[in-house]
Amino acid sequence: MPPARPPNIALTDPELFLGGIRSPLTKPSTPITSMPGTPVNETNCEDLNAKELLMQMQILAFAEQGIGSELEQLYASFARCLDLRDKYMELSNQRLGDNPKDHDGTFHGFTPRSSGDVMGLKAEVEQDACEGPSAAENDELPTWNIYPPPPPPHWHWKPSQGSVMPEPTSSDGTEMTKTTTSTSIKDNQTFKIEDCQIHEEDKQHIFQLNDEGVFTVYSATEESPRVNGEVDSKGKKPLARIPTLKEYFTDLDYLLGVCSDGPAKSFAFRRLKYLSSKWSLYCLLNEYQELADMKAVPHRDFYNVRKVDTHIHHSASMNQKHLLRFIKSKLKRNPNEIVIHRDGKDLTLKEVFESLNLTAYDLSIDTLDMHAHQEFHRFDRFNDRYNPTGSSRLREIFLKTDNLLKGKYLAELTQELIADLEQSKYQVSEWRLSIYGRNLGEWDKLAKWVVNNKLVSHNVRWLIQVPRLYEVYKGSGLVNNFEDVVKNVFQPLFEVTKDPSSHPELHIFLQRVVGFDSVDDESKPERRLYRKFPTAKMWDTNQSPPYSYWIYYMYANMASLNAWRRSRGFNTFVLRPHCGEAGDPDHLSSAFLTAHSISHGILLRKVPALQYLFYLKQIGLAMSPLSNNALFLTYERNPFKDYFKVGLNVSLSTDDPLQFHFTASHLLEEYSCAAQIYKLTPADMCELARNSVLQSGWEMQVKKHWIGHKWYLPGAAGNDIHKTNVPTIRLAYRHSTLLEELALIRHGQHSPSATPTHLKQSSPARLPHQPSPQPPSTSNDRTTVSNRPGMTNHPSDVAAAAMSMTNSSVYAQGESHPIAPHLIGGVGTLGERSRKKSVGQLKGVSFGGEAVTPLESDQVHEARR
Ligand SMILES: [Zn+2]
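Notes on the structure follow. (Residues numbered from 1 in each chain as written. Predicted model: local features only at pLDDT ≥ 70, side-chain atom pairs only at ≥ 80, totals over all residues.)

### Observations regarding the packing of helix α5 (residues 245-260) against helix α18 (residues 587-594)
Part 1 of the argument: Packing of α5 against α18 brings their axes to within 10 Å, and their N-to-C directions diverge by 120°. It follows that α5 is oblique to α18 by the angle criterion. In this structure, α5 crosses over α18, and the sense of that crossing is right-handed. Along the contact surface, α5 presents Asp251, Leu252, Leu255, Leu256 and Cys259, while α18 presents Ser589, Ser590, Phe592 and Leu593.
Part 2 of the argument: The residue inventory of the contact of α5 with α18, partitioned by class, reads six nonpolar, two polar and one charged. (Axes fitted to C-alpha atoms, helices over the stretch in contact; angles between N-to-C directions. Helix = DSSP H or I, 4+ residues; strand = E, 2+ residues; numbered from the N terminus. Parallel < 35°, antiparallel > 145°, perpendicular 65-115°, else oblique. Left-handed = near helix turned anticlockwise from the far one by under 90°. Contact = placed C-beta atoms within 7 Å. Nonpolar A, V, L, I, M, F, W, Y, C, P; charged D, E, K, R; others polar.)

### Things to note about the sheet that holds strand β9 (residues 460-467)
Part 1 of the argument: With parallel pairing, five strands are arranged side by side in an open sheet as β5-β8-β9-β10-β11. If you trace the sheet from one side to the other, it starts and ends with β5 (307-313) and β11 (574-575), each paired once.
Part 2 of the argument: In terms of strand pairing, β5 meets strand β8 (residues 427-434) through five bridges, oriented parallel. For Asp309, the partnering residue across the bridge sits in β8 and is Ser429.
Part 3 of the argument: Strands β8 and β9 of the sheet are contacted by helix α12 (residues 408-424), whose axis makes an angle of about 155° with β8. (Pairing = 2+ DSSP bridges.)

### Quick word on unusual backbone geometry
Part 1 of the argument: Put simply, Thr111 and Pro112 share a cis peptide bond, and its omega is -10°.
Part 2 of the argument: Along the chain, Pro112 turns up in the loop between α2 (48-91) and β1 (116-117).
Part 3 of the argument: Along the chain, Tyr147 connects to Pro148 via a cis peptide bond; the corresponding omega equals -10°.
Part 4 of the argument: Tracing the backbone shows Pro148 in the loop between α3 (134-138) and α4 (187-190).

### Some thoughts on the sheet that holds strand β13 (residues 597-600)
Part 1 of the argument: Reading across from one edge, β12-β13-β14-β15 is the order of the four strands in this open sheet, with parallel pairing throughout. Here the strands that pair on one side only, and so sit at the sheet edges, are β12 (578-579) and β15 (650-652).
Part 2 of the argument: Where strand β14 (residues 620-623) lies against β15, three bridges are found, and the strand directions are parallel. Along β15, the bridge assignment pairs Ala622 with Ser651.

### What about helix α25 (residues 700-707)?
Part 1 of the argument: With respect to burial, α25 is a largely interior element, seven of its eight residues being buried.
Part 2 of the argument: The complete set of buried residues in α25 reads Met700, Gln701, Lys703, Lys704, His705, Trp706 and Ile707.
Part 3 of the argument: At the exit of α25 stands Gly708, carrying a positive phi of roughly 120°. (Buried ≥ 20, exposed ≤ 12 C-beta atoms within 10 Å, placed from the backbone.)

### As for the packing of helix α6 (residues 262-295) against helix α19 (residues 608-617)
When two helices pack together, their arrangement is given by the angle between the helix axes and the distance between those axes.
Part 1 of the argument: Here α6 crosses α19 at 55°, and the two axes come no closer than 7 Å. Classified by the angle between their axes, α6 and α19 sit oblique to one another. In terms of crossing hand, the pair formed by α6 and α19 is left-handed. The residues of α19 that touch α6, namely those facing Ala264, Lys265, Ala268, Phe269, Arg271 and Leu272, are Pro608, Ala609, Gln611 and Tyr612.

Structure representation (structure tokens):
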């Protein structure tokens, strides 16, 4: 206890408080009051060194207090941004566990649901608390059945092979063995439309377009329940609360304010620099250990870890040689097939080529001319590259799903692509198909094309891209206002959710769709909205609405749809728009609030505050440096490597192989270029591949097979090195680093490793969810970790896991630490020092030129509290 002082004696007077130490420098408005046990007076300050030290402490404390209030505001504003995103994710059911596809019979979502984020458990949440047995009882969703069933695992790890968790046996209890190879039975041979379940109509609910242009679901029976709950303008209570246009723009405004705030920008910039440097240090210290860990894993290497092409447009998913071969074979075998209707008459393929003055012999990659390597900053011309030989006729015949042939040629081409993918086994694709919003019939045509042509494969899932082409449709009179586009895109989806038998093919197709994308040239100039929120019906000008406005309507309608689909046990969707490729960096703010993950994001390099927020939330970025290189940013300037070092959740994807790639293995080509230019290590490549699976929309059952049984747990606990080939110490590093940043933002706690050793407290700051560092024996922690499925007893894994769970437990371990400290990023060394110091063993040891006695170091601790 500090000695009692009369309240009105000026505590604010440093001279009084310091008992005679005078310095013009020390003029703090509020002095240090918390120095219990160390009454300061003349007798304690006999030593001149001690006086000077004390003075410096005073300055330090003053400086911290001064900065403190400003920092606190900063932290609070960042924390609020994180909360805002959480709100939007919750309201749209985009988190892991919200989608019925995530419920595989053993995973039942997190309890409470708010502890889940879009790609797994939130980093800061206690891991064991969320998977209690109660989850199984409370699971209102049935087990999701994948049809056709995915191929069974080819190999089985037995405990003797080093894994503590053998592959789960099949549901009937029989051990699955090497009976079939995964490629022997194709999904399109198994798939029968008659075997797909078409659910009953939902007579309990109806849907209506609300005043703002968002489809809203109401109870069909309930009459105006005005008594409680939120009631919308129609006087009815909707099934789910959807943020209004005004609410969205207000939240967006707040976020933009934080991101353009000077102190926030420089703070985020410095944190990103720190994270990047810390990564370099980690690599220097652990390179050899990582390599050793990977070598210890049998069978697995970069080639046989799953790699998802997280961003690829279906109509550009073949390479040019493939397309050329296909066109030539059609010209040779079916020259007289009627393929297109032009200028009042039907034309055969032969006639089309005659009209173009071309023969099969003339055709080459050069005449096809679809490479887009000369279109830098010409997105307008890039779109023309989709036309083979510059002819829109050939594009319509070969690359469209909706043409005179009902997309027959593209379906055949797709079957060939699917066969290639299934053969490669470890490469899988999330293909984008277009819905334009020009009329209500588009969905049915597209669904029939997919389902009737049996374009199903365990290597393929679909995303729907909606091009932002309002001004084109408006110009040609297809729509009157923006609400028409919204209706054309979403009304069929609500109809099929209400009554699947109304569009049976669409119902089947949607089960294989994972989400929505928003595409177009972002660099087009756009009109900004300043505190005016015209509804979709009011938007009837010729100009397209801005990006943020499009995103709102995509998000809001999808959120409303998801709530209904989830309640019906149908799969839900996520929003994964193209964002931050070019144009206004503000687009990224809209995506931060509303999107599960994004494609591109190269403009985050210009907005450090937003980049830091993307890091804290681990939002997926599907990056395509080769595509950027051709269109918007040269390869060497691409921020991909910087993002990776900082720890952003990045994956590699191809975008448009037809325009950018040369080989049939486009995805490997993308990895290969990145590896050579950015000097990626094998561990880096495997981490990128793992990220791509995290970002993808495959079912829980499949993801478990690909990257481990508990993949949704952050850090070491979620890693199964036998499946991912990612060193566990690496994921532990990523996790503990993220935890430190979250602790800083949420609680103003500085990371222990960023604090000089002589200032470090013996019990460092920790998150409230973290286990207590007392008692010092952390053997319990270690057992829990090593008992986790997919975790080995390999010493470095265990140490890494300990590091990921709580830094403080590592600190407390001291000499009992099983690992040489240099193997875990130096944290052990620091911990050792701080432990010795705290028990007074470092008497007289010099740190940074200042002799520190135990007493004085204690004083420093107190001052920092
Ligand atoms: Zn793209």
